[in-house]
Amino acid sequence: MRGLVWVVALCACAPAHAIEQLALHALFKNKAIVLIDGARRVMNQGDTSPEGVKLIAVDTNTEEATIEVNGRREVLRLGMVVSAFGGGRGGGVTLYAEPNGYFYADGSINGTPIRFLVDTGATSIAINSQQAERIGIDYKRHGKPGFAGTAGGVVRMYAVKLNTVEVGGIKLHNIDAGVIEGSYPRDALLGMSFLGRLDMKRDGEKMELTQRY
(Lines give C-alpha, C1' and ligand atoms only; values in the text may rest on other atoms or scores of the structure.)
Protein backbone atom coordinates (compact mmCIF):
# COMPACT_ATOMS: atom_id res chain seq x y z
CA MET A 1 0.00 0.00 0.00
CA ARG A 2 1.39 3.40 -1.04
CA GLY A 3 0.47 6.83 0.07
CA LEU A 4 1.32 9.65 2.39
CA VAL A 5 1.31 8.62 6.04
CA TRP A 6 0.87 11.30 8.67
CA VAL A 7 2.67 10.24 11.81
CA VAL A 8 0.65 10.90 14.98
CA ALA A 9 2.49 11.33 18.25
CA LEU A 10 1.12 8.80 20.74
CA CYS A 11 1.24 9.10 24.49
CA ALA A 12 1.74 5.75 26.22
CA CYS A 13 0.39 7.12 29.46
CA ALA A 14 -2.81 8.65 28.10
CA PRO A 15 -5.88 7.86 30.17
CA ALA A 16 -8.40 5.49 28.61
CA HIS A 17 -12.07 6.37 28.22
CA ALA A 18 -15.14 4.67 26.83
CA ILE A 19 -14.60 4.04 23.12
CA GLU A 20 -17.72 4.24 20.99
CA GLN A 21 -16.32 2.86 17.75
CA LEU A 22 -13.17 1.13 16.50
CA ALA A 23 -12.23 0.13 12.97
CA LEU A 24 -9.06 -1.26 11.38
CA HIS A 25 -8.26 0.94 8.38
CA ALA A 26 -4.92 -0.46 7.12
CA LEU A 27 -2.12 -2.87 8.06
CA PHE A 28 1.64 -2.76 7.58
CA LYS A 29 4.54 -4.71 9.06
CA ASN A 30 4.41 -4.02 12.81
CA LYS A 31 2.09 -1.06 12.20
CA ALA A 32 -1.62 -0.35 11.74
CA ILE A 33 -3.95 2.55 11.05
CA VAL A 34 -6.88 2.42 13.45
CA LEU A 35 -9.94 4.67 13.36
CA ILE A 36 -10.93 5.49 16.95
CA ASP A 37 -14.22 7.36 17.21
CA GLY A 38 -13.46 8.81 13.79
CA ALA A 39 -9.86 9.82 14.62
CA ARG A 40 -7.22 8.29 12.37
CA ARG A 41 -4.30 6.89 14.41
CA VAL A 42 -1.10 5.54 12.85
CA MET A 43 0.24 3.13 15.46
CA ASN A 44 3.30 0.94 15.85
CA GLN A 45 3.13 -2.25 17.90
CA GLY A 46 3.26 -1.30 21.56
CA ASP A 47 1.91 2.23 21.02
CA THR A 48 -1.05 3.57 23.00
CA SER A 49 -3.29 6.20 21.42
CA PRO A 50 -4.49 9.36 23.22
CA GLU A 51 -7.82 7.55 23.67
CA GLY A 52 -6.13 4.71 25.57
CA VAL A 53 -6.15 2.09 22.79
CA LYS A 54 -2.97 -0.02 22.75
CA LEU A 55 -1.82 -1.87 19.64
CA ILE A 56 -0.61 -5.30 20.80
CA ALA A 57 0.10 -7.11 17.52
CA VAL A 58 -0.61 -7.06 13.77
CA ASP A 59 -0.90 -9.91 11.27
CA THR A 60 -0.90 -8.93 7.61
CA ASN A 61 -1.57 -12.54 6.53
CA THR A 62 -4.90 -12.80 8.35
CA GLU A 63 -5.56 -9.04 8.07
CA GLU A 64 -6.01 -8.73 11.83
CA ALA A 65 -4.77 -6.49 14.62
CA THR A 66 -4.96 -7.17 18.35
CA ILE A 67 -5.72 -4.13 20.50
CA GLU A 68 -6.28 -3.57 24.21
CA VAL A 69 -8.57 -1.11 25.99
CA ASN A 70 -8.99 -0.97 29.77
CA GLY A 71 -7.25 -4.34 30.13
CA ARG A 72 -9.54 -6.04 27.61
CA ARG A 73 -8.18 -7.39 24.33
CA GLU A 74 -10.01 -7.50 21.03
CA VAL A 75 -9.06 -8.72 17.57
CA LEU A 76 -9.98 -6.28 14.80
CA ARG A 77 -10.31 -7.30 11.17
CA LEU A 78 -10.21 -5.15 8.06
CA GLY A 79 -13.77 -4.25 7.10
CA MET A 80 -15.22 -4.79 10.57
CA VAL A 81 -16.38 -1.99 12.86
CA VAL A 82 -16.70 -2.58 16.60
CA SER A 83 -19.15 -0.32 18.41
CA ALA A 84 -19.50 0.57 22.10
CA PHE A 85 -16.21 -1.16 22.92
CA GLY A 86 -15.96 0.71 26.18
CA GLY A 87 -18.82 -1.28 27.66
CA GLY A 88 -21.57 1.31 27.41
CA ARG A 89 -25.21 0.55 26.74
CA GLY A 90 -26.19 -0.85 23.39
CA GLY A 91 -23.00 -2.67 22.42
CA GLY A 92 -22.90 -3.55 18.75
CA VAL A 93 -20.92 -4.40 15.68
CA THR A 94 -21.09 -3.47 12.00
CA LEU A 95 -20.22 -6.17 9.47
CA TYR A 96 -19.54 -5.90 5.77
CA ALA A 97 -20.23 -8.68 3.27
CA GLU A 98 -17.22 -10.44 1.82
CA PRO A 99 -16.88 -10.99 -1.96
CA ASN A 100 -18.85 -14.26 -1.68
CA GLY A 101 -21.80 -12.31 -0.29
CA TYR A 102 -21.63 -13.80 3.21
CA PHE A 103 -21.15 -11.95 6.47
CA TYR A 104 -18.41 -13.11 8.84
CA ALA A 105 -17.61 -11.98 12.37
CA ASP A 106 -14.72 -12.65 14.71
CA GLY A 107 -15.76 -13.38 18.26
CA SER A 108 -15.37 -15.87 21.07
CA ILE A 109 -17.15 -18.76 22.75
CA ASN A 110 -16.48 -19.19 26.46
CA GLY A 111 -13.51 -16.85 26.00
CA THR A 112 -11.93 -18.82 23.13
CA PRO A 113 -11.55 -16.89 19.84
CA ILE A 114 -13.59 -18.23 16.93
CA ARG A 115 -14.72 -17.07 13.48
CA PHE A 116 -18.46 -17.01 12.82
CA LEU A 117 -20.49 -17.16 9.64
CA VAL A 118 -23.72 -15.21 10.15
CA ASP A 119 -26.58 -17.61 9.37
CA THR A 120 -30.12 -16.37 10.00
CA GLY A 121 -31.40 -19.73 8.73
CA ALA A 122 -29.76 -21.63 11.60
CA THR A 123 -31.93 -22.16 14.67
CA SER A 124 -28.95 -21.97 17.00
CA ILE A 125 -25.20 -21.50 17.01
CA ALA A 126 -23.56 -24.54 15.44
CA ILE A 127 -19.94 -25.66 15.77
CA ASN A 128 -18.13 -28.82 14.76
CA SER A 129 -16.71 -31.30 17.25
CA GLN A 130 -13.12 -30.21 16.60
CA GLN A 131 -14.01 -26.63 17.54
CA ALA A 132 -15.88 -27.86 20.62
CA GLU A 133 -12.80 -29.76 21.82
CA ARG A 134 -10.60 -26.71 21.28
CA ILE A 135 -13.00 -24.58 23.31
CA GLY A 136 -13.16 -27.24 26.03
CA ILE A 137 -16.79 -28.30 25.65
CA ASP A 138 -17.39 -31.89 26.78
CA TYR A 139 -20.45 -32.25 24.55
CA LYS A 140 -20.74 -36.04 24.83
CA ARG A 141 -20.91 -35.85 28.61
CA HIS A 142 -22.98 -32.71 29.07
CA GLY A 143 -24.81 -32.39 25.74
CA LYS A 144 -28.17 -33.81 24.75
CA PRO A 145 -27.83 -36.13 21.73
CA GLY A 146 -30.05 -35.65 18.72
CA PHE A 147 -30.01 -35.00 14.98
CA ALA A 148 -29.84 -31.89 12.80
CA GLY A 149 -30.73 -31.34 9.17
CA THR A 150 -27.98 -29.81 7.02
CA ALA A 151 -27.40 -29.22 3.32
CA GLY A 152 -25.55 -32.56 3.30
CA GLY A 153 -28.36 -34.44 5.04
CA VAL A 154 -29.19 -35.45 8.59
CA VAL A 155 -26.21 -35.51 10.96
CA ARG A 156 -25.55 -36.40 14.60
CA MET A 157 -25.75 -33.38 16.89
CA TYR A 158 -25.42 -32.63 20.61
CA ALA A 159 -27.39 -29.74 22.12
CA VAL A 160 -25.32 -27.72 24.61
CA LYS A 161 -25.40 -24.42 26.50
CA LEU A 162 -22.59 -21.91 25.95
CA ASN A 163 -21.62 -19.82 28.96
CA THR A 164 -20.72 -16.74 26.92
CA VAL A 165 -20.73 -15.74 23.27
CA GLU A 166 -19.07 -12.49 22.29
CA VAL A 167 -18.99 -10.64 18.96
CA GLY A 168 -17.55 -7.13 18.82
CA GLY A 169 -19.08 -5.11 21.65
CA ILE A 170 -21.87 -7.69 22.19
CA LYS A 171 -21.65 -10.28 24.95
CA LEU A 172 -24.49 -12.71 25.74
CA HIS A 173 -24.77 -15.52 28.28
CA ASN A 174 -26.37 -18.99 28.32
CA ILE A 175 -26.74 -19.43 24.57
CA ASP A 176 -28.17 -22.58 22.98
CA ALA A 177 -25.84 -24.29 20.53
CA GLY A 178 -25.34 -27.53 18.68
CA VAL A 179 -22.14 -29.52 18.30
CA ILE A 180 -21.98 -31.51 15.07
CA GLU A 181 -19.54 -34.41 14.98
CA GLY A 182 -16.86 -34.07 12.33
CA SER A 183 -15.41 -31.04 10.56
CA TYR A 184 -18.72 -29.48 9.45
CA PRO A 185 -19.43 -26.57 9.60
CA ARG A 186 -15.96 -25.23 8.83
CA ASP A 187 -16.85 -21.83 10.27
CA ALA A 188 -19.04 -21.68 13.36
CA LEU A 189 -22.59 -20.69 12.43
CA LEU A 190 -23.90 -17.64 14.25
CA GLY A 191 -27.56 -18.66 14.40
CA MET A 192 -30.77 -17.28 15.84
CA SER A 193 -30.14 -18.36 19.44
CA PHE A 194 -27.69 -15.41 19.40
CA LEU A 195 -29.02 -13.20 16.60
CA GLY A 196 -32.60 -13.43 17.86
CA ARG A 197 -31.60 -11.51 20.99
CA LEU A 198 -30.23 -8.60 18.95
CA ASP A 199 -31.59 -5.82 16.77
CA MET A 200 -30.46 -6.51 13.20
CA LYS A 201 -30.37 -4.01 10.35
CA ARG A 202 -29.10 -4.79 6.87
CA ASP A 203 -28.44 -2.19 4.22
CA GLY A 204 -26.99 -3.78 1.11
CA GLU A 205 -23.53 -5.09 1.96
CA LYS A 206 -23.65 -3.69 5.51
CA MET A 207 -25.20 -5.40 8.52
CA GLU A 208 -25.55 -3.75 11.93
CA LEU A 209 -26.06 -5.85 15.07
CA THR A 210 -27.03 -4.09 18.29
CA GLN A 211 -27.51 -5.60 21.74
CA ARG A 212 -30.91 -5.09 23.36
CA TYR A 213 -31.26 -3.85 26.95
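About the cut-offs
- Residues numbered from 1 in each chain as written.
- Predicted model: local features only at pLDDT ≥ 70, side-chain atom pairs only at ≥ 80, totals over all residues.
- Heavy atoms only, no water.
- Helix = DSSP H or I, 4+ residues; strand = E, 2+ residues; numbered from the N terminus.
- Buried < 20%, exposed > 50% of the residue type's maximum accessible area, 1.4 Å probe, protein only.
- pLDDT = per-residue confidence, 0-100.
- Contact = heavy atoms within 4.5 Å.
- Pairing = 2+ DSSP bridges.
- Axes fitted to C-alpha atoms, helices over the stretch in contact; angles between N-to-C directions.

Moving on, we get to unusual backbone geometry. Along the chain, Tyr184 connects to Pro185 via a cis peptide bond; the corresponding omega equals -5°. Of note, the phi angle at Asp37 is positive, near 50°, even though the residue is not glycine. Residue placement: Asp37 occurs in the loop between β2 (31-36) and β3 (39-44). The exposure class of Asp37 is partly exposed, given its relative accessible area of 36%. The backbone phi angle of Asn174 is positive, close to 55°, even though this residue is not glycine. Topologically, Asn174 is positioned in strand β14 (residues 170-180). Overall, Asn174 belongs to the exposed group, its relative accessible area being 51%.

All right, on to the confidence of the model for the protein then. Residues with a pLDDT of 70 or more make up 86% of the protein, whose mean pLDDT is 83. Every residue in residues 1-16 is under pLDDT 50, and counting partners more than four places away or in other chains gives 27 contacts.

Now for the sheet that holds strand β6 (residues 72-77). An order of β4-β5-β6 is seen for the three strands of this open sheet, with the pairing classed as antiparallel. Pairing within the sheet leaves two strands with one partner each, and these edge strands are β4 (54-59) and β6. Sheet twist, expressed as the average angle between the axes of neighbouring strands with direction ignored, equals 20°. Pairing analysis gives five bridges linking β4 to strand β5 (residues 64-69), with the strands arranged antiparallel.

What follows covers the pairing of β5. Burial of the side chains of β5 is restricted to one face: Ala65, Ile67 and Val69 are buried, whereas none of Glu64, Thr66 and Glu68 on the reverse face is. The turn linking β4 back onto β5 is made up of four residues, and Glu63 within it adopts a positive phi angle of 60°. Counted along the chain from β5 to the antiparallel partner β6, the turn is two residues long, and its residue Asn70 has a positive phi close to 55°.

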